[in-house]
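# Structural overview
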Amino acid sequence: MASESRLSQVATTIPVRNVQALAACSADELTAEALDRYIRPDIDQDAVHEEYSDELPVVDLGRLLNQESWEEEAAKLKFACEEWGFFQVLNHGVPEEVIGNVKRDMQAFFQLPLEVKNAYAQRPGNLQGYGQAYVASEDQKLDWADMFCIITQPPEARDIKLWPAQPLTFRSAYKKSLQDYSDELKKFAHSIATIIGKILNIEPQLMGDNYAVQALRMNYYPPCTSIPEKVLGFSPHSDGSFFTILTEVNSVKGLQIRRHGAWIPVNPHPKSLLVNVGDFLEIMTNGKYKSIEHRVTINSHMERLSISAFNNPKIDGVVSPVLGSNEKTLYKTVGVADYLKHNLSNKLDGKRALDYAKVS
Ligand SMILES: O=C(O)CCC(=O)C(=O)O
Ligand SMILES: [Fe+2]
């Protein structure tokens, strides 16, 4: 417990204005000055290639767990991790009801009055309370989003008292949608990690240590009626995780991944879970699996909601590249806390945080 809670101390966050409340202001209140911190002059710098959205890799967990189809499906997973750093998973085994419950509760949470949500944000043990942003510099552009992040795994690290207690079904004695969702995703993460470990020929124990900690982040991206094309819900970044599991809560699109210098909008299969390779898996595979750079764009009329589950190594551990014979080391061994501190303070700079782990 002590070591996991240190996760909340690795990043510097500053209080920021609630974006949902800002987005609800009338047009004359939304002055250029009020919006200045969010406007990105360079947003159009890179092309968006909608036509590649259909090519996003899909793997079927049912087929991966079946002896007869395993080999063929594992080849698809390997290709996805090496070439895309991102894939959709069908037949993931997380019950529809569990996903439906957490989606319903999350939508209800973001509809609560601002003072109620703010009260939950002020609990010091929460990783990234509502109304806070990771910030590297004073003039850094801000994201058009509100986020709430809690530690959910292992069970002894989660401090349920800190979690939002509204709506009641988030965490009451008889209904506990957040916990159920987190527990199901833990099983799913275990399957994915075990399969990746098998493909890479890495000892199960080593894989196990690498996704031991899970943090859930609920992301709320309000619409931006005045200048949706000039703001971002999430700046380009790669995740400081081993891998991340993403669920879209409503059907409003916005996620884009970077490929060959352009952005590809993600248009997920409605029954899929999305998985992206994070920085720690890139380090462990000595660069064979690519941690994917991604961003979130904003809609002019509709809100987007999503939940990210970051599966991370223990905060007091280290991650080292696992090398084949005669393989040249491209990445250093990094301390997890040190790396996260570095990643979170470089959030706005695409994949640059990973340079820190590269052998120069
Ligand atoms: O909302 C999304 O689609 C992406 C969220 C994300 O990239 C993150 O939480 O790290
Ligand atoms: Fe991300």
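Quick notes on the rules
- Residues numbered from 1 in each chain as written.
- Chains lettered and ligands numbered in written order.
- Predicted model: local features only at pLDDT ≥ 70, side-chain atom pairs only at ≥ 80, totals over all residues.
- Helix = DSSP H or I, 4+ residues; strand = E, 2+ residues; numbered from the N terminus.
- Rg over C-alpha atoms; globule rule 2.2 N^0.38 Å.
- Buried ≥ 20, exposed ≤ 12 C-beta atoms within 10 Å, placed from the backbone.
- Contact = placed C-beta atoms within 7 Å.
- Near = placed C-beta within 6 Å.
- Pairing = 2+ DSSP bridges.
- Axes fitted to C-alpha atoms, helices over the stretch in contact; angles between N-to-C directions.
- Core = buried A, V, L, I, M, F, W, Y, C linked by C-beta atoms within 7 Å.
- UniProt positions renumbered as here; feature names shortened; annotations may be inferred.
- pLDDT = per-residue confidence, 0-100.

Right, let's get into the overall build of the chain. Per the secondary structure count, the chain includes 11 helices and 15 strands. Computed over C-alpha atoms, the radius of gyration of the chain comes to 20 Å, within 12% of the 21 Å expected from 2.2 N^0.38 for 360 residues, which places it in the range of a compact globule. Dimensions of the chain, computed from the C-alpha atoms along their principal axes, are close to 65 × 50 × 35 Å. Sorting the 360 residues of the chain into buried and exposed places 41% on the buried side. A separation of at least 24 residues holds for 79% of the contacts in the chain among residues at least 6 apart in sequence.

Taken together, the residues surrounding ligand 1 are Arg-217, Asn-219, Phe-234, Asp-239, Leu-246, Leu-255, His-294, Val-296, Ser-306 and Ser-308. The set of elements that each furnish at least two residues to the shell around ligand 1 consists of strand S6 (213-221), strand S12 (294-297) and strand S13 (304-312).

Here we come to the environment of Leu-35. Looking at the element boundaries, Leu-35 is found in helix H3 (residues 32-35). Using a count of 16 C-beta atoms within 10 Å as the deciding quantity, one classes Leu-35 as partly exposed. Apart from the residues lying within four places of it in its own chain, the contact partners of Leu-35 are Leu-30 and Ile-227.

Let us now look at the sheet that holds strand S8 (residues 243-248). Overall, mixed pairing links the seven strands, which are arranged S2-S3-S11-S8-S13-S6-S5 in an open sheet. Each having just a single partner strand, strand S2 (58-60) and strand S5 (146-153) make up the two edges of the open sheet. Pairwise comparison of adjacent strand axes, ignoring direction, gives a mean angle of 25° for this sheet. Bridge count for S5 against S6 is seven bridges, and the pairing is antiparallel. Paired with Phe-148 across the two strands is Met-218, which belongs to S6.

Before going further, it helps to spend a moment on the environment of Lys-76. Counting through the fold element by element, Lys-76 comes out in helix H5 (residues 70-84). It is 6.6 Å that separates the C-alpha atoms of Lys-76 and Val-59, two residues lying 17 residues apart in sequence. In this structure Lys-76 touches Pro-57 and Val-59, once residues within four positions along its chain are discounted.

Attention now moves to the environment of Leu-200. The topology assignment puts Leu-200 in helix H8 (residues 177-200). Remark: the alpha-carbon pair of Leu-200 and Lys-288, spanning 88 residues in sequence, is separated by 10.0 Å.

With respect to topology, four strands assemble into an open sheet ordered S7-S12-S9-S10, the strand pairing being antiparallel. This sheet does not close on itself; its edge strands, each paired only once, are strand S7 (232-237) and strand S10 (262-265). Taken pair by pair, the neighbouring strands of this sheet meet at an average axis angle of 30°, ignoring direction. For strand S9 (residues 255-259) and S10, the ladder comprises four bridges, and the chain directions are antiparallel.

Time to look at the nonpolar core. Ranked by size, the top nonpolar core spans 83 residues in total, and within it Trp-144, Ile-192, Ile-245 and Val-275 carry the most contacts. Counting residues per element, this core draws most heavily on H8, which supplies nine residues. Setting aside anything within four residues of it in sequence, one finds Val-275 in contact with Phe-87, Val-89, Ile-192, Phe-243 and Ile-245.

Bringing the UniProt feature "domain: Fe2OG dioxygenase" (unreviewed entry) in the chain into the picture now. UniProt annotation of "domain: Fe2OG dioxygenase" (unreviewed entry) refers to residues 211-313 when read in the numbering used here. Measuring from the first to the last C-alpha atom of residues 211-313 gives 5 Å, for a span that is 6% helix and 47% strand.

This brings us to the confidence of the model for the chain. Residues of the chain with pLDDT of at least 70 account for 91%, and the chain-wide mean is 89. Of the regions scoring below 50 in pLDDT, residues 1-5 engages in 10 contacts with residues more than four places distant in sequence or in other chains. As a predicted assembly, this complex carries a pTM of 0.94 together with an ipTM value of 0.99.

Here we come to the pairing of strand S3 (residues 86-90). For S3, the tally of buried residues reaches four of five residues, placing the bulk of the element in the interior. Across three bridges, the pairing between S2 and S3 is parallel. Paired with Asp-60 across the two strands is Leu-90, which belongs to S3. Across four bridges, S3 lies against strand S11 (residues 273-277) in antiparallel orientation. Residue pairing in the sheet places Val-89 in a bridge with Leu-273 of S11.

Note that the residue after Gln-153, namely Pro-154, is joined by a cis bond; omega there is -5°. Considering the arrangement of structural elements, one finds Pro-154 in the loop between S5 and H8. With omega at -5°, the peptide bond leading from Gln-166 into Pro-167 counts as cis. With respect to the helices and strands, the residue Pro-167 is situated in the loop between S5 and H8. In this structure, Asn-91 takes a positive phi of about 50° despite not being glycine. As for its position among the elements, Asn-91 is in the loop between S3 and helix H6 (96-110). At Asn-286, a position not held by glycine, the phi torsion is positive, near 55°. By secondary structure assignment, the location of Asn-286 is in the loop between helix H10 (279-284) and S12.

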